[in-house]
Number of protein chains: 2
Amino acid sequence: MESVKPMKADEKLVVGAIRSLVIDQINKANSGHPGMALDAAPAMLALFRDHLVSDPEHPEWVSRDRIVFSSGHASALLYSMLHLAGYGVSMDDLKSFRQLHSKTPGHPEVGVTPGVDAGGGPLGQGIAQGVGMAIAERAVAASYPDGAEIMDHYTYVLCGDGCLEEGISQEAISLAGHLKLNKLIMFYDENGSTLDGPTSDSLTEDAKTRFLAAEWEVIDVKDGNSVSAISKAIAKAKQSTAFPTVIIIHTTIGYGSQNAGSCKTHGSPLGVEDGQYAKKQYGYEYPEFTVPQEVYDCFAESFKARGAKAYAAYMDRQAAYAKAHPEEFQLFLDSFKKDLGGRRIDWSGVEIKEKDATRNSSGKCLAALHAAFPFAFGGSADVAGSTKTDVKGVTAFSRANPSGKDVRWGIREFGMAGAMNGILLHGGLLAYGACFFVFADYCKPAIRMAALQNLPAIYLFTHDSLAVGEDGPTHQPIEHLAMLRAMPNVTVYRPADMKETQGAYDAALAHRNGPSAIILSRQNLPTLEKSDRALVEYGAYEVYGEGKADLEIIATGSEVGLAIDAAKLLKEKSINVKVISMPSMERFLAQPADYQKKVLSLPREKRISLEMGATFGWGDLTAFHIGVDRFGESGPCNAVLAEFGFTPEAVAEKVANFYAQK
Amino acid sequence: MESVKPMKADEKLVVGAIRSLVIDQINKANSGHPGMALDAAPAMLALFRDHLVSDPEHPEWVSRDRIVFSSGHASALLYSMLHLAGYGVSMDDLKSFRQLHSKTPGHPEVGVTPGVDAGGGPLGQGIAQGVGMAIAERAVAASYPDGAEIMDHYTYVLCGDGCLEEGISQEAISLAGHLKLNKLIMFYDENGSTLDGPTSDSLTEDAKTRFLAAEWEVIDVKDGNSVSAISKAIAKAKQSTAFPTVIIIHTTIGYGSQNAGSCKTHGSPLGVEDGQYAKKQYGYEYPEFTVPQEVYDCFAESFKARGAKAYAAYMDRQAAYAKAHPEEFQLFLDSFKKDLGGRRIDWSGVEIKEKDATRNSSGKCLAALHAAFPFAFGGSADVAGSTKTDVKGVTAFSRANPSGKDVRWGIREFGMAGAMNGILLHGGLLAYGACFFVFADYCKPAIRMAALQNLPAIYLFTHDSLAVGEDGPTHQPIEHLAMLRAMPNVTVYRPADMKETQGAYDAALAHRNGPSAIILSRQNLPTLEKSDRALVEYGAYEVYGEGKADLEIIATGSEVGLAIDAAKLLKEKSINVKVISMPSMERFLAQPADYQKKVLSLPREKRISLEMGATFGWGDLTAFHIGVDRFGESGPCNAVLAEFGFTPEAVAEKVANFYAQK
C-alpha cells in the first residue's frame with residue numbers, strides 16, 4: 001500500500017463534500033441518478049487520494065492511470081471527483097449538470113470534460129472498454145524496447161449490478177481473465193438495488209464465484225463506507241502479477257437518504273428536503289455547492305502532488321528514452337497522433353489478381369497495413385481463417401507474447417467491438433476487428449459508442465450477402481448495410497474488387513474521426529477495368545459507359561461487376577446504361593454538389609440502385625431499386641443468387657422493364 | 001433413469017449410423033460443419049433413445065419435450081437424428097442437405113423441417129431460446145388449475161464453446177438459475193476446439209464453476225462416447241427439483257476423422273477419403289446414405305414407442321381435462337392459436353386524456369391487454385417503472401409465483417428478446433418485452449431471429465427520441481427507427497397519441513407472422529382531434545388539412561402534433577399544408593396503390609417527412625426530410641428540441657424555405 005499522506009481534513013468531511021456535490025448537482029438539474037453516485041463516494045476517495053496516478057494539469061498524459069465509469073449514470077460522482085481533484089471542471093460546471101452544452105452532461109462524454117477517459121451509459125460496455133485499455137497498456141508497452149519506461153499504468157473500472165447482468169460483461173471478464181490482465185482493477189459496487197427493486201428480484205448468482213471461474217482475483221470489502229478498507233484492497237490488487245482483480249464493495253444505495261437502500265434513490269433526485277437530511281447524516285454543514293478549503297487541500301496534497309511528481313518523473317524517463325531509442329520513440333509518438341504521423345500504406349508490392357474475393361484482397365491489404373504500421377493491432381472473433389485476418393508473420397497477442405499484434409477475441413463480437421473502443425480511447429494502437437457481416441448485429445451497440453466517441457475503429461465484415469450460400473438466412477446479411485449507413489458518423493465501404501479494397505483502407509486511414517466498416521465478399525469477384533483505388537475516397541465514380549446514357553445504375557461491391565454485365569446485355573437491346581460504382585454512400589454524400597452532379601448526370605427518375613441487400617435508404621438517390629427485402633435461403637451460392645435474381649440476365653430484364661415504363 | 005429397452009442393434013452400430021449420415025450429408029453438399037455434429041452423436045443417441053418424449057407422428061404436440069440446437073451449425077446431426085427417429089425427414093432430404101428449398105437447410109429452420117423446435121445459427125441465442133421455452137413450460141402449466149396435466153415437459157439445449165463465449169449465454173444462464181428452471185437441461189459439448197484453433201487460445205475459464213455461480217447443477221461426463229454415462233447424467237438431471245442442469249460432455253471434435261481433435265474438422269467437409277477412414281473407425285461398413293433396419297428398429301422400439309405411448313396418454317388426460325375444466329381448456333387451446341382464438345382488446349373502458357406520454361398510454365393498453373388475454377406474459381429489462389410495464393394486479397413471475405405474468409428480466413435486453421423467441425416458439429403465451437428504444441440495439445440480433453422465424457413478439461420501446469433529454473446521446477435514439485424498418489418482416493409502429501397507441505396494439509395482435517415494435521414517447525403528447533385507432537392498421541392517413549394542399553408533411557409519433565402546429569403557422573403565410581400521420585411505414589406500404597394514392601395525393605416532390613430520427617429511408621416517400629442525422633445532446637427536453645429545430649416555428653421555417661425553392 002502506498003503511504004497515505006496525513007490530511008488536514010478528515011475523511012468524513014471529504015466524503016461528505018463529494019456526496020453533497022452529488023446531491024446538489026442532481027437537485028439543481030432536477031435530473032440524474034443519485035443512488036450509486038452517493039454510495040460509491042468512499043471508493044472513489046480511496047482511489048483518488050491514495051492510488052490513482054494522473055495529473056490534472058496534463059489530462060491527456062498517455063501513461064496516466066485510466067478510469068472508466070461503466071456505470072455512466074453515476075456521472076455526478078465522477079464530476080464531483082474531477083472538480084475536487086483539480087481538473088478543469090469548475091463549480092459553475094457542476095451547477096450546469098445535465099444542461100445543454102455543459103461540461104457535465106448526463107452521462108460521461110469523452111472530449112467534453114477534462115479527465116473523462118471513457119464515455120459511458122449503455123451498461124456493460126464500460127467493462128469492455130476497460131479491458132481494451134488494459135490490453136492497450138500491455139500491448140503498447142510490449143511493442144517497444146524497455147517499453148515500460150514510456151507506458152506503465154493501471155486501468156480502473158467502476159461497475160454495478162446492471163453492468164454485470166449485461167452479457168457483454170461476461171465476454172469482457174472472460175477475455176480479461178484469459179489474457180491475465182493483472183493491471184486491470186474493477187470496483188463492483190454491490191449496492192443491492194437495481195432501478196426496479198432489490199437486485200435479488202432478478203439476480204441470485206454468486207459474483208465472487210463467477211469471477212473466480214474466469215480467473216480473476218476477488219477481494220471483498222464488507223463496509224463500503226470504509227475508505228481505508230477500500231484503499232487497502234486497491235493496494236492489494238495492484239500487487240497482482242497474474243490476474244485482473246475485482247473489488248466487491250458492499251454498499252447501501254443512496255447512502256444517507258431517507259430512502260437509502262431503496263431503488264427509489266436510483267434514478268430520481270433526492271430533492272431539497274431529503275438532500276438536507278442526507279447531508280445531516282454525513283455531518284456536512286455547508287451551503288449548497290460549497291466546499292471548504294481543507295477538502296481541496298486534501299486532494300492537492302495527495303492526488304495532485306502524486307500526479308505532478310509522477311508526470312515529471314515520466315517526462316524525465318521519456319526524455320532519456322527519446323535519446324536511447326530515437327526511432328522507436330518517434331513511432332511511439334506517431335502512434336498516438338490522429339494522423340498517425342502521416343504514414344500511409346505502400347501498395348506497390350501488392351498483387352492484383354484477375355479475380356478474387358474481397359475478403360482475400362482484404363487479407364493482403366492487412367499484411368500491407370502491418371508493414372506500414374508497426375502498431376496495427378487487431379484480429380477476429382474466431383473467424384480468422386474466414387475473414388483473412390491471419391496475417392503471415394503477425395503473431396497472437398497473449399500473456400506469453402504481449403508484443404503479438406493478432407488478437408484472438410474468441411466468439412465475442414460485442415466484447416471485441418467494445419474492447420476496441422477502449423484500445424482506441426487509450427491510444428497507441430491502430431485497431432481493427434473482423435467478423436461475419438451478419439454479426440455486425442452483435443457489435444452494433446459498441447459501433448454506436450465508437451461513432452459517438454469519434455473513434456477510428458476499423459471493422460472488417462466479410463461474408464456480406466446472400467452469396468454466403470449454404471449457411472442460409474441466419475448468416476446472410478440483408479438489412480445490415482442500411483443499419484450502418486443510418487447511424488451518424490459511421491462510414492461504410494463496400495469495395496468491388498482489390499483496387500477498391502485498397503482504396504477503402506486508404507480512406508479509412510484518412511478519415512479518423514469515426515469508425516469505418518469495410519464490407520467484404522466471401523465469393524470471388526472480377527477485377528474491374530476502370531475501378532480506381534484513388535476514387536474510393538470520393539464515394540462514387542463511373543466504371544462503365546460511353547456516350548449519352550439512357551439510365552444510370554448505381555451498384556456497390558459484388559454487384560458492380562454484375563451491373564456491368566447487365567449493362568452489356570442491355571446495350572444489345574439498345575438501352576445505353578452507365579454504371580456507377582459507389583463504394584461509399586457516405587463519402588459520396590460528403591462531396592460538393594458539382595462532383596455529385598458530375599457522377600450522377602441523369603435525374604433521379606432515371607437512376608437504378610443494384611445492391612444485394614435491403615433497398616431501404618436508396619430512395620434519395622434512385623427511383624428504382626434492385627435489392628433484397630426478404631430473408632435469404634440456404635443453398636449453393638449460385639443457386640441462391642439465381643433464385644433472388646442476381647444474374648446479368650435477370651437484372652437486365654428488370655432494368656429493361658423499368659425503362660419501358662418510363 | 002427410465003428403463004432402457006433391449007436393442008436389436010448395438011450402440012456402436014447406431015452411433016456409427018448417425019455419424020456416417022453426418023459425413024454423407026456434408027460430403028454430398030460439399031458444405032457443412034462436421035466437427036461437433038460427429039462428436040455429439042452419442043449424446044443425441046442417449047437423449048433420443050432413453051429420454052426425449054416426443055411423437056414424430058405429432059411433431060406439433062404442445063406438451064412434447066423441446067430440443068434446441070444452439071450450435072445450429074451441427075444441423076447435420078439434428079437431421080440425422082430426425083430421420084432415424086421417424087420424423088418427416090427422408091433419406092432423400094438428407095441427400096439434399098444445404099440445397100435450395102430442401103427440408104435440410106444449412107442451419108435449422110422452424111417450419112421447414114418437422115421436428116425442428118427452434119432455429120439456430122447465431123451463437124448463444126439458442127441458450128436464451130431454451131430458457132424461454134422452459135419459462136413458458138412453467139408459466140403455462142401454472143396458469144391453469146392442474147395445469148401440469150396439459151403442460152409438462154423438459155427442454156434440452158445443445159451448445160458448445162462458441163455459445164458460451166457469447167455474452168447472451170451469461171444473461172440466459174443467470175436468469176435460468178435465478179428462476180430455478182429445473183426442467184431445463186443443457187448439454188455443453190466440450191470438444192476443445194473452436195473454428196480458429198484449440199479453445200484454450202481464447203478461453204480459460206472454468207465452466208463448471210461459472211455454472212455453479214449461477215446456481216445450476218453441473219454434471220461432468222468424462223467420456224463423451226459413453227452413451228450410457230450420458231444417459232445416466234440426463235436421468236439425474238431430470239431429478240433436479242430446484243436447479244437447471246448442465247451436462248458437460250468431454251468430446252473430441254470431428255471424432256473418427258484423421259483430423260479428429262483439430263479445428264480443421266470444424267467447418268470443412270471430411271471428403272470421401274477421410275470420410276471412409278472415419279467410418280472404419282466407427283466400424284460402420286455400409287454404403288453412403290445406407291442404414292440397416294436394426295438401427296431404425298432401435299429408434300422405433302425406444303423413442304417412437306415411448307413417444308406414441310406418451311402422446312396417447314396425454315390425449316387421454318387432455319380429454320379428461322377438457323371435461324373437468326371446459327373454460328380453462330378453451331383458453332389453453334386459444335393461447336396456442338395463431339389468431340389467439342379471435343380475442344380482441346376491449347377499449348371501451350380505457351380513458352383518453354387530453355395529453356399524455358405514449359409510454360403512459362401503453363401502460364394503460366397493457367392493462368387492457370392483460371384483461372383480454374389471461375395468457376399475456378411480459379415485462380421489462382429493469383425499467384418497468386419507466387416503460388410502464390408494471391401493470392396493477394399483474395404479479396411478478398418467479399419460482400415462488402409461477403402463475404405471475406410480469407417477467408423481471410433484469411438488465412438483460414438481449415437475453416429478454418432471445419428468451420421471448422423461445423416463449424413464442426413454445427406457444428401458449430402472448431409475449432411482450434420492454435426497454436428503452438436505444439437498447440433495441442442490444443436486442444437487435446434476437447429481433448432478427450424473431451422476424452426470421454415469423455414470431456409475433458411485441459416490443460415496447462419507450463424513450464424514443466432526442467426528447468429523452470438529460471440522459472444525453474447514449475440514451476437518445478437516432479438511427480433506430482431506420483434499423484428496424486430496414487429489417488424484413490418487422491413492423492414498426494410509432495403512435496402519435498393514445499388512440500394511435502391502441503391502434504398499434506390492435507394491429508400488432510392482428511399481424512402475427514412477425515414481430516411488432518411499438519415505439520413510445522417519454523414526454524407528454526397532445527391527443528389529436530382527427531387521430532384514429534382504426535386507421536393505424538392502414539399505416540397512414542390524413543390528420544390535418546382542408547382544401548387543395550400545396551405540400552404534404554408525413555410525420556410519425558411525437559412529430560405529428562408538431563407538424564399540425566407548424567401547418568397552422570404556415571397557413572398564416574398562405575402555405576396550405578396537409579399533415580399525414582404515418583404510425584407504420586410498413587403497414588402503409590402493404591396497402592393497395594389506390595389507398596396509398598388517396599393518402600398521399602401530391603407527388604413526391606411536394607412531400608416532406610418530419611421525424612425526430614435519421615432521415616435515412618424516407619427518400620422513396622418524400623423529397624425533403626426534416627430529421628436528425630447526428631447524435632443528440634444532454635439537456636432538458638425542451639432545450640434539446642429547440643437546439644435541433646423541433647419547434648413549430650423552426651419546422652414552419654424549414655418548410656417555407658423548401659416551398660420557396662419549388
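As the structure is a prediction and not an experimental result, all values here were calculated from the model. (Residues numbered from 1 in each chain as written. Chains lettered and ligands numbered in written order. Predicted model: local features only at pLDDT ≥ 70, side-chain atom pairs only at ≥ 80, totals over all residues. Heavy atoms only, no water.)

## So, the overall build of chain A
When helices and strands are tallied, chain A shows 24 helices and 18 strands. Whereas a compact globule of 662 residues would reach a radius of gyration of roughly 26 Å, chain A reaches 27 Å, a difference of no more than 12%. Taking the principal axes of its C-alpha atoms as reference, chain A extends roughly 90 × 60 × 45 Å. For chain A, the proportion of its 662 residues judged to be buried stands at 67%. (Helix = DSSP H or I, 4+ residues; strand = E, 2+ residues; numbered from the N terminus. Rg over C-alpha atoms; globule rule 2.2 N^0.38 Å. Buried < 20%, exposed > 50% of the residue type's maximum accessible area, 1.4 Å probe, protein only.)

## Points about the sheet that holds strand 7 (residues 376–380) of chain B
All names here are of chain B. Sheet architecture is open: 6 strands sit in the order 8-7-9-10-12-11, paired in parallel fashion. The sheet is open, and its two borders are formed by strand 8 (406–408) and strand 11 (491–493), each paired with just one other strand. Each adjacent strand pair in this sheet contributes to an overall mean axis angle of 20 degrees, direction not counted. Pairing of strand 9 (residues 430–436) with strand 10 (residues 458–462), which is carried by 5 bridges, proceeds in the parallel orientation. Of the residues in strand 10, the one forming a bridge with Tyr432 is Ile458. (Pairing = 2+ DSSP bridges. Axes fitted to C-alpha atoms, helices over the stretch in contact; angles between N-to-C directions.)

## Details of the interface of chain A and chain B
Counting residues at the interface gives 100 residues for chain A, matched by 100 residues for chain B. Here chain A packs against chain B, burying approximately 8,100 Å² in sum over the two surfaces, 55% of which is carbon and sulfur. Counting every contact that joins chain A to chain B gives 10 salt bridges. One salt bridge connects B:Glu479 with A:Lys444, and the closest N-O pair in it is separated by 2.6 Å. For the interface between chain A and chain B, the tally reads 58 residue pairs in polar contact (both at pLDDT 80 or more). Of all the elements in the fold, those that place two or more residues in the side of chain A that touches chain B are helix 7 (161–165), helix 8 (167–179), helix 9 (207–213), helix 15 (384–387), helix 16 (413–426), helix 17 (440–452), helix 18 (480–485) and helix 23 (637–643) of chain A. For the side of chain A that touches chain B, the element with the most residues is helix 17 of chain A, which contributes 8 residues. (Contact = heavy atoms within 4.5 Å. Buried area = accessible area lost by both parts, 1.4 Å probe. Salt bridge = Lys/Arg side-chain N within 4 Å of Asp/Glu carboxyl O. Polar contact = N/O pair within 3.5 Å; in protein donor to acceptor, adjacent residues only side chain to side chain.)

## Focus: unusual backbone geometry
All names here are of chain A. The phi dihedral of His463 falls on the positive side, at around 60 degrees, and the residue is not glycine. Looking at where His463 falls in the secondary structure, it is placed in the loop between strand 10 (458–462) and helix 18. Judged by relative accessible area, which is 5%, His463 ranks as buried.

## Things to note about the relation of the copies chain A and chain B
When chain A is brought onto chain B, the operation consists of a screw motion whose angular component is 180 degrees and whose axial shift is 0.0 Å, with 0.0 Å RMSD remaining. The transformation just described matches what one would write down for a two-fold rotation axis. A shared binding surface is used by both copies, with 100% of the interface residues of chain A retained as interface residues in chain B. (Least-squares fit on C-alpha atoms with pLDDT ≥ 70 in both.)

## Here we look at the domain arrangement of chain A
Taken domain by domain, chain A holds domain 1 (9–304), domain 2 (346–526) and domain 3 (534–660). Each of domain 1 of chain A and domain 3 of chain A was reduced to a C-alpha centroid, and the two centroids are 51 Å apart. (Domains from an automatic or database assignment.)

## Overview of the sheet that holds strand 17 (residues 607–610) of chain B
Residue and element names in this part refer to chain B. Reading across the sheet, the 5 strands line up as 14-16-15-17-18 and stay open at both edges, with mixed pairing between neighbours. In this open sheet, the two strands that pair with only one neighbour each are strand 14 (541–544) and strand 18 (624–626). Averaged over all pairs of adjacent strands, the angle between strand axes in this sheet comes to 30 degrees, irrespective of strand direction. Here strand 14 pairs with strand 16 (residues 577–581) via 3 bridges, running antiparallel. Bridge assignment links Tyr541 to a residue of strand 16, and that residue is Ser581. On top of the sheet, helix 25 (residues 648–661) reaches strand 15 (551–555), strand 17 and strand 18; it is set at about 170 degrees to strand 18, its chief contact.

## Digging into the side chain of A:Thr245
Structurally, the position occupied by A:Thr245 is in strand 5 (residues 245–250). Apart from residues no more than four positions distant in its own chain, A:Thr245 is found in contact with A:Leu184, A:Ile185, A:Met186, A:Trp216, A:Glu217, A:Ile219, A:Ala237 and A:Ser240.

## Overview of the side chain of A:Gln318
Residues and elements named next belong to chain A. Mapped onto the elements of the fold, Gln318 is located in helix 12 (residues 293–324). Owing to a relative accessible area of 14%, Gln318 belongs among the buried residues under this scheme. Apart from the residues within four sequence positions on either side, Gln318 is in contact with Ile150 and Phe329.

## Quick notes on helix 12 of chain A
All names here are of chain A. For helix 12, built from 32 residues, the straight-helix expectation of 46 Å at 1.5 Å per residue is met to within 8% by its first-to-last C-alpha distance of 44 Å. Along its length, helix 12 reaches its greatest deviation from straightness, about 35 degrees, at Ala300. Of all the residues in helix 12, the buried ones are Val295, Asp297, Cys298, Phe299, Ser302, Phe303, Arg306, Gly307, Tyr311, Tyr314, Gln318 and Tyr321. Here the buried face of helix 12 lies against helix 1 (11–29), helix 3 (41–50), helix 4 (75–85) and helix 13 (326–335). (Expected span 1.5 Å × (residues − 1). Bend = angle between axes of the 7 residues up to and from the residue.)

## Some remarks on the environment of A:Tyr544
Residue and element names in this part refer to chain A. If you trace the backbone, Tyr544 turns up in strand 14 (residues 541–544). Given the relative accessible area of 17%, Tyr544 is considered buried. When the C-alpha positions of Tyr544 and Ile580 are compared, they lie 7.1 Å apart, and in sequence the two are 36 residues distant. Discounting chain neighbours no more than four positions away, the residues touching Tyr544 are Lys530, Ile564, Ala567, Lys568, Lys571, Val577, Lys578 and Val579.

## Looking at the packing of helix 3 (residues 41–50) of chain B against helix 10 (residues 227–238) of chain B
Residue and element names in this part refer to chain B. Closest axis-to-axis distance for the helix 3/helix 10 pair is 8 Å, and the angle between their directions is 55 degrees. Overall, the two elements helix 3 and helix 10 adopt an arrangement that is oblique. In this structure, helix 3 meets helix 10 at a crossing whose hand is right-handed. Contacts between helix 3 and helix 10 involve Pro42, Ala43, Leu45, Ala46, Leu47, Arg49 and Asp50 from the first element and Val227, Ile230, Ser231 and Ile234 from the second. (Parallel < 35°, antiparallel > 145°, perpendicular 65-115°, else oblique. Left-handed = near helix turned anticlockwise from the far one by under 90°.)

## Considerations on the pattern of salt bridges
Per the stated rule, a full pass over the model turns up 62 salt bridges over all chains. Notably, a salt bridge pairs A:Glu11 with A:Arg49, separated by 2.9 Å at the nearest N-O pair. Within this pair, whereas A:Glu11 is found in helix 1, its partner A:Arg49 is found in helix 3, the two being separated by 38 residues in sequence. For A:Glu11, a relative accessible area of 28% translates into the label partly exposed. Judged by its relative accessible area of 5%, A:Arg49 is buried. B:Arg607 is paired through a salt bridge with B:Glu552; the nearest N and O atoms lie 3.8 Å apart. In this pair, B:Arg607 is assigned in strand 17 and B:Glu552 in strand 15, connecting sequence segments 55 residues apart. Given the relative accessible area of 11%, B:Arg607 is considered buried.

## Some points on the packing of helix 17 of chain A against helix 18 (residues 440–452) of chain B
A pair of packed helices is captured by two measures, namely the crossing angle of their axes and the spacing between those axes. At a minimum axis distance of 7 Å, the contact between helix 17 of chain A and helix 18 of chain B shows a crossing angle of 160 degrees. Looking at the two axes, helix 17 of chain A sits roughly antiparallel to helix 18 of chain B. Crossing of helix 17 of chain A against helix 18 of chain B: the hand is right-handed. Residues A:Asp441, A:Tyr442, A:Lys444, A:Pro445 and A:Arg448 of helix 17 of chain A pack against B:Asp441, B:Tyr442, B:Lys444, B:Pro445 and B:Arg448 of helix 18 of chain B. In the contact of helix 17 of chain A with helix 18 of chain B, the residues fall into 4 nonpolar, no polar and 6 charged. (Nonpolar A, V, L, I, M, F, W, Y, C, P; charged D, E, K, R; others polar.)

## Some points on the pairing of strand 15 (residues 551–555) of chain A
All names here are of chain A. A large share of strand 15 lies buried, amounting to 5 of its 5 residues. The alternating pattern of strand 15 places Leu551, Ile553 and Ala555 and Glu552 and Ile554 on opposite faces, both of which are buried. Where strand 15 lies against strand 16 (residues 577–581), 5 bridges are found, and the strand directions are parallel. Note on strand 16: the bridge partner recorded for Glu552 is Lys578. Here strand 15 runs beside strand 17 (residues 607–610); their pairing, made up of 4 bridges, is parallel. Paired with Ile554 across the strands is Ser609, a residue of strand 17.

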